[in-house]
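One letter stands for each residue in the lines below.
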Amino acid sequence: MSRNRYLLDCTLRDGGYLNDWEFGHDNMVNIFDRVVSSGTDVIEIGFLDDRRAFDMNRSIMPSTDCVEKIYGRLDRKNTMVVGMIDYGTCDIGNIQPCEESYLDGIRVIFKKDKRVPAIDYCRQVAELGYKVFVQLVSISSYNDDELKDVASLANAIHPYAVSMVDTYGLLNPTELTHIADIMNEELSPEIILGFHAHNNFQLGYINATTVLDYPTDRDILVDGTLYGMGKSAGNAPLELIAMYMNEHFGKNYVVTEMQEAITSSILDFQQKSPWGYQLFYYIAASNKVHPNYVSHLMNKRTLSITAVNEILQKIPEDQKLEKNMKLIEELYLEYQKEECDDTADLERLSEALGGREVLIIGPGATISSHTEKIRGYITDQKPVVISINYIPANIHPDYMFVTNTSRYLQSATQMHAEENADVRLIASSNLKRSAREFDYVVNYSRIIDENAVFPDNSMCMLIRTLMHCGCKKVILAGLDGYSADNVNYFDVAKAYSFLSEKAEALNRYAIDFFASIREKVDVRFLTPSAYEV
């Protein structure tokens, strides 16, 4: 049984998602030299993408002739040099004949619904003389018949290799072996079977070794990146795979060269844009969904992890690995709309507030800088004091308005404290869990604005609730508005960091909101705010 096993480094390509491929020319040269000197069999030097202008400092290039400008003077020794094309991003006219190019091969990635035209594109690349690698993106999304079909399509053009790409790190060794069984059975025996791992489940390394150990007469190729550099949870670490291959396949990769590349060119990027195992990517992988869905929900900072998982499970099967952000927002709002009959609670709340002036306390930095002014106002005017999603340290509220499950769970200890036993809780109906019973529940769908960028802005939700209760005068303190650097929060941990880039639009929305209710309720500011005009 032949046991030819090869190692491919794709740091300069896959690692580029973290820095927009701006490694810097010196780092690109150093990584190339060190990887080649280590004896790694194949090095991928970046993307070919004709949408991008040429830049000596970036490993993403518009055409094959640009490769020579960056790497042309470097000694490749015995290492095969390849580039990658995401099908549809590089016209065949931008690819020179191989004999005129610094590249030996080209890897083409594509999703399964593009497999017919993409493999025809691979045929055109092969006709230019290149070793062609057919890269099957999201291999876990293929069913058995689709795997057989893509293998048949590949056999027709005789590529150098066909690689199983676990794009979202979803596979375990058993599932991976099942896919390998089909590909090994269906592919022509001369085609190398490749594997590219991601590490969402911390299985990148073990999956790589599983493929290396796979019992077959065909040659096997496994990808890795230096220090596992790659988007999200990262990739299988090149240096660990090299050690394994040295020990089990008689290879002589010089791992110290890889270590030198890591310390001199990779660690700085790791500090700037960390990668590796994280709860965020684990949740995406465990639900078999695109990470963008998870980021959309978790960035809202309004949901418990249980709620995030429940929403993700509602995504239709054919949309799980897409990036349908309209869909996930619709699912979010649908999930939050825990409908209830709030008539009785609103009546009781109206009676309790009794047309009194209401002072709303937000989480802005002015709560700390204007504490004495706020306390003085409370002493003199005796308003009803309602805090939003937290209990202030130095101001005792009469009520806490709760719209945010995550913040509410974080406040459980405070709410159990004896000194806060008299704080009554007004909750929007989307809250699924409670540390104690709510005194009032208001229908979520009644008080949100589904057309807004931030539909469930808690300040606006509370003011709408007060308007339903007949309140005519509202004073705002600690509602400082959004800023790009989140300095408007007394506790930065309470800041919605994902909204900082939308600060101006969100502030404008609040200003317009206040203008729209001017005839119904008198809103004034006790502390400075970006919402004032």
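Just so it is clear, the model here is predicted, and its values are computed rather than measured. (Residues numbered from 1 in each chain as written. Predicted model: local features only at pLDDT ≥ 70, side-chain atom pairs only at ≥ 80, totals over all residues. Heavy atoms only, no water.)

**Student:** Would you explain the sheet that holds strand S16 (residues 522-525) in this entry?
**Tutor:** Here we have 7 strands laid out as an open sheet, ordered S14-S13-S12-S11-S10-S15-S16, and parallel in their pairing. Two strands bound the open sheet, and with one partner strand each, they are strand S14 (440-442) and S16. Strand-to-strand twist in this sheet, taken as the mean axis angle between neighbours without regard to direction, amounts to 25°. In terms of strand pairing, strand S10 (residues 358-361) meets strand S11 (residues 384-388) through 4 bridges, oriented parallel. Following the sheet pairing, Leu-359 is matched in S11 by Val-385. (Pairing = 2+ DSSP bridges. Helix = DSSP H or I, 4+ residues; strand = E, 2+ residues; numbered from the N terminus. Axes fitted to C-alpha atoms, helices over the stretch in contact; angles between N-to-C directions.)

**Student:** Help me out: how do you make sense of the environment of Tyr-440 in this one?
**Tutor:** Locating Tyr-440 in the fold gives a position in strand S14. Measuring from C-alpha to C-alpha, the distance between Tyr-440 and Ser-428 comes to 8.5 Å, with 12 residues separating the pair along the chain.

**Student:** Is there a simple way to think about the state of the cysteines in this case?
**Tutor:** A covalent bond between the sulfur atoms of two cysteines is referred to as a disulfide. Within this structure, the stated rule accounts for 0 disulfides. Left unpaired, Cys-90 is separated from the closest cysteine sulfur, that of Cys-66, by 9.5 Å. For Cys-340, which is in no disulfide, the shortest distance to another cysteine sulfur is to Cys-469 and amounts to 13 Å. By relative accessible area, Cys-340 is classed as partly exposed at 27%. (Disulfide = S-S within 2.5 Å. Buried < 20%, exposed > 50% of the residue type's maximum accessible area, 1.4 Å probe, protein only.)

**Student:** Even after reading the chapter, I still don't get the side chain of Arg-58, so can you show me in this structure?
**Tutor:** Looking at the secondary structure, you find Arg-58 in the loop between strand S2 (42-48) and strand S3 (60-61). Polar side-chain contacts of Arg-58 include one of 2.8 Å to the backbone oxygen of Asp-20. Look past the residues within four positions of Arg-58 in its chain and what remains in contact with it is Asn-19, Asp-20, Trp-21, Glu-22, Met-28, Arg-52 and Ile-70. (Polar contact = N/O pair within 3.5 Å; in protein donor to acceptor, adjacent residues only side chain to side chain. Contact = heavy atoms within 4.5 Å.)

Interpretation note: all reported values are geometric properties and have no functional meaning in isolation.
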